[in-house]
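# Structural features, examined
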Amino acid sequence: MSGNGTLTISIDTEIAWGRCDRRITQEDHAALARERAIVQRLLALFSAYNIQATWAIVGHLLLKECSWEGAVVHPEVPRPILSGEIGDWFFQHPSRAVTDDPLWYGRDILELIRNATPPQEIGSHSFCHMPFDERRSNSDAVRADLFAAQELHEAEGLAFDSFIFPRNVVGYRELVASSGLKGYRGNTPHWYDSIPVPPLRRLLSLASFVIPIAPPSVRPSLDSVGLVNIPDSMLLMGRNGLRALISSRALVRKGIAGLQRAVKQGEVFHLWFHPSNFAHRTEEQFQVLENILQHADGLKRRGVLKVRTMGDQITLFINSQKQATKNSSKFAEVRETMMLATEDRTALRSKILAAFHEALEARQQHLSCELSDNAILLETGLDSLGFAILVVKLEEELGYDPFVMMKEQCYPRTLREFIDVYAKSYQNNHD
Ligand SMILES: [Zn+2]
Ligand SMILES: [Zn+2]
């Protein structure tokens, strides 16, 4: 896999909805009013660098009109949304007479994204940006929110695959899965997360942008409810307040280091932001993103980087799972037809384990899990060069290399499959 990284960009598209539970100030208002121009500019940049991104949109922006029951707007969403909520979640919602307030409605933004070249993915960022917080939010409200978002996507003929949790609070995943969504952007744990004092934590998270450590590269995985989790690598943060202290150069350096790490690890660099992160020091912010995209473009031209939306990642991951299942049934067939006597297999197993330990030693590496039959080879702690050494050692010991003898290449994933490959060739060699 090494030498083949992926860039994924996801954008939380919400205009005022990200702040609907906090009073929107004059300053907020001015920044949010710049959002459409920012979306247009982002799309132009994506067009220039041929980038397909995922725009997770708040469903309410797609509405042509709102539902009312007397003075209550959106009666379909149960209240209170959060326990201990003093006011109504929709307290800043425009009045009945206003159906085109640009801060709360955004069908024009949908059209901009939908008509962009290259095609962009439109994902979901919930219906009304309520936190999916299992300790605080009402599950009926979450269910109603997902249902409303799903209906709006369906009515527009939009896919409903990728989800971004409001405020990145990952919760109610069963409800997310049963709404038909297939995957989400998860949170990568950071070293400063465990700092108990919030202001200090924020300061350290800022400091992490100055320290020359590459942001994490990530790997999609299947979570316990069957959703594909594509964790984040880096936020392209806004540049107001304290965050203005971080230089553009530091941000670009971080982004490039993230891309390089993803390529080296054969993993994903998952960059994310809101259009509003470009509302302050706009020119500088666009220059930061462009510099990162320029670097990505160079890697793309060298054939070591691909750009994929979250939806592409999800499809790719699901297909690779299917392939893995197919492969393991291929191995099961091999196992069934295997005539090797149990005692021979036990002897073979211990030879393989002994060689495994020698390979670890040769590479000065350590086991990171128990060497059971179900151990995943890539997670044992032995690197790819170590595996090459293992195969050479076994060839010396057993007199054959089953991987060169294979008619159809299939790569073992677990230790059991690895032993099966040797057992099968052992049998062929001794027939
Ligand atoms: Zn509404
Ligand atoms: Zn948001």
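These numbers come from a predicted model, not from an experiment. (Residues numbered from 1 in each chain as written. Chains lettered and ligands numbered in written order. Predicted model: local features only at pLDDT ≥ 70, side-chain atom pairs only at ≥ 80, totals over all residues.)

## Brief notes about the overall build of the chain
Helix and strand counts for the chain stand at 13 helices and 12 strands. Each principal axis of the C-alpha atoms in the chain carries an extent, and together these give about 85 × 45 × 45 Å. The buried share of the chain, taken over its 431 residues, is 35%. For the chain, restricting intrachain contacts to residue pairs at least 6 apart in sequence, the fraction spanning at least 24 positions comes to 77%. (Helix = DSSP H or I, 4+ residues; strand = E, 2+ residues; numbered from the N terminus. Buried ≥ 20, exposed ≤ 12 C-beta atoms within 10 Å, placed from the backbone. Contact = placed C-beta atoms within 7 Å.)

## Details of the packing of helix H2 (residues 35-48) against helix H3 (residues 107-114)
Between H2 and H3, the least distance of the axes is 10 Å, while the angle of their chain directions is 5 degrees. Between H2 and H3, the interaxial angle falls into the category roughly parallel. Contacts from Arg36, Val39, Gln40 and Leu43 in H2 reach Ile109, Leu112 and Ile113 in H3. When the residues that make up the contact of H2 with H3 are grouped by side-chain class, the tally is five nonpolar, one polar and one charged. (Axes fitted to C-alpha atoms, helices over the stretch in contact; angles between N-to-C directions. Parallel < 35°, antiparallel > 145°, perpendicular 65-115°, else oblique. Nonpolar A, V, L, I, M, F, W, Y, C, P; charged D, E, K, R; others polar.)

## Let's talk about the pairing of strand S1 (residues 5-13)
Counting buried positions over the nine residues of S1 gives nine, a clear majority of the element. Residues Gly5, Leu7, Ile9, Ile11 and Thr13 line one face of S1 and the alternating positions Thr6, Thr8, Ser10 and Asp12 line the opposite face, and both faces are buried. Note that S1 and strand S12 (residues 305-307) share three bridges and pair parallel. Along S12, the bridge assignment pairs Gly5 with Leu305. Note that S1 and strand S2 (residues 54-57) share four bridges and pair parallel. When the bridges of S2 are listed, Ile11 appears paired with Trp55. (Pairing = 2+ DSSP bridges.)

## Topic: the nonpolar core
In terms of nonpolar packing, the biggest core is built from 70 residues, with Leu259 and Ala296 touching the most fellow members. The dominant element in this core, judged by the number of residues it contributes, is helix H4 (residues 139-155), at seven residues. What Leu259 contacts, discounting residues up to four positions off in sequence, is Gly5, Leu7, Phe269, His295, Ala296, Leu299 and Leu305. Core analysis: the next-biggest nonpolar cluster, separate from the first, contains 15 residues, Phe356, Leu394, Leu415 and Ala423 among them. (Core = buried A, V, L, I, M, F, W, Y, C linked by C-beta atoms within 7 Å.)

## Remarks on the domain arrangement of the chain
A common measure of how large an interface is: the accessible area buried when the components associate. In terms of domains, the chain is made up of domain 1 (5-317) and domain 2 (338-430). Using only C-alpha atoms to locate each centre, domain 1 and domain 2 end up separated by 44 Å. (Domains from an automatic or database assignment.)

## A short note on the pairing of S2
Here S2 shows two buried faces, one formed by Thr54 and Ala56 and the other by Trp55 and Ile57. The pairing of S2 with strand S5 (residues 121-124) spans four bridges and is parallel. Within S5, the residue paired with Trp55 across the bridge is Ile122.

## Considerations on unusual backbone geometry
In this structure, the amide linkage connecting Arg79 to the following residue, Pro80, adopts the cis form with an omega of -10 degrees. Locating Pro80 in the fold gives a position in the loop between strand S4 (72-73) and H3. Along the chain, Thr117 connects to Pro118 via a cis peptide bond; the corresponding omega equals -10 degrees. Positionally, Pro118 belongs in the loop between H3 and S5.

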